[in-house]
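Structural overview
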Amino acid sequence: MNRVDIATKEFKKMQERDEDATVSQLAYAALSIAMADAKSVQTAFYIYQELTDKFGPTPILLNGQAVCLLMQNKPEQAEDILQKALDKDSTHAETLINLSVVSQFLGAKESAKRYMRQVQDAHPEHPFVVRAAEKEKVFDELSAALSSNR
């Protein structure tokens with residue numbers, strides 16, 4: 001959902017039913033990330049950490065922590081956590097995508113390309129992969145059109 005105002009209303013309904021439920025905690029963490037202010041992002045990080053302590057480290061929880069760290073301008077720490085997620089599941093799509101983003105952020109372009117190839121090979125129908133392929137196609141078409149006009 002790309003509307004924080006509507007997500008907030010829906011979360012309040014969940015909170016009224018059971019604010020301690022795991023799904024409510026995950027929803028609050030996602031909402032906090034969407035708010036994108038420093039305090040909310042820190043709150044989301046703590047939620048993911050508490051859930052990790054309770055249920056153990058899963059790729060989803062580790063990716064949540066990594067996103068928070070990246071939003072706090074801590075890419076090295078985000079990369080460390082994503083490596084742990086990759087150790088848990090070497091083909092987890094979101095982990096590979098996030099590692100590609102973090103690698104780009106850190107200037108490790110070859111690593112970013114490698115992670116992107118891995119996610120493309122393992123998950124060719126993933127929405128991120130499909131959108132990236134569409135954007136590459138448009139870029140190639142525009143490049144060819146511009147080249148032929150010269």
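See the structure above.
What you see is a predicted model; the values in this text were computed from it and never measured.

As a further point, take the side chain of S100. With respect to the helices, strands and loops of the structure, S100 is situated in helix α6 (residues 93–106). Given a relative accessible area of 6%, S100 falls into the buried group. Not counting residues within four places of it along the chain, the set of residues in contact with S100 comprises A112, Y115 and M116.

A separate point is the environment of M35. Topologically, M35 is positioned in helix α2 (residues 22–35). In sequence terms M35 and V4 are 31 residues apart; their C-alpha atoms lie 7.1 Å from each other. Setting aside residues up to four positions removed in sequence, M35 forms contacts with V4, T8 and S40.

This part is about the pattern of salt bridges. Counted according to the given criterion, the structure contains 3 salt bridges. Of the charged contacts in the structure, one is a salt bridge between R3 and D5, with a shortest N-O distance of 2.7 Å. With a relative accessible area of 46%, R3 lands in the partly exposed category. For the salt bridge of E10 with K13, the shortest nitrogen-to-oxygen distance reads 3.2 Å. Separated by 3 residues within a single helix, E10 and K13 lie in helix α1 (residues 4–18), roughly one turn from each other. Overall, E10 belongs to the partly exposed group, its relative accessible area being 37%. By relative accessible area, K13 is classed as partly exposed at 48%.

A few words now on the nonpolar core. Formed by 27 residues in total, the largest nonpolar core has its most connected members in A44, Y48, C68 and V119. Residue assignment for this core shows that the elements contributing at least two residues are α2, α3 (38–55), α4 (59–71), α5 (75–88), α6 and α7 (109–122). Take this core: its biggest share by element is 6 residues, from α3.

With that settled, consider the environment of Q120. With respect to the secondary-structure elements, Q120 resides in helix α7. Separated by 35 residues in sequence, Q120 and A85 place their C-alpha atoms 18 Å apart. Beyond its immediate chain neighbours, meaning those up to four positions away, Q120 contacts V129 and E136.

Definitions and limits used
- Residues numbered from 1 in each chain as written.
- Predicted model: local features only at pLDDT ≥ 70, side-chain atom pairs only at ≥ 80, totals over all residues.
- Heavy atoms only, no water.
- Helix = DSSP H or I, 4+ residues; strand = E, 2+ residues; numbered from the N terminus.
- Buried < 20%, exposed > 50% of the residue type's maximum accessible area, 1.4 Å probe, protein only.
- Contact = heavy atoms within 4.5 Å.
- Salt bridge = Lys/Arg side-chain N within 4 Å of Asp/Glu carboxyl O.
- Core = buried A, V, L, I, M, F, W, Y, C linked by side-chain atoms within 4.5 Å.

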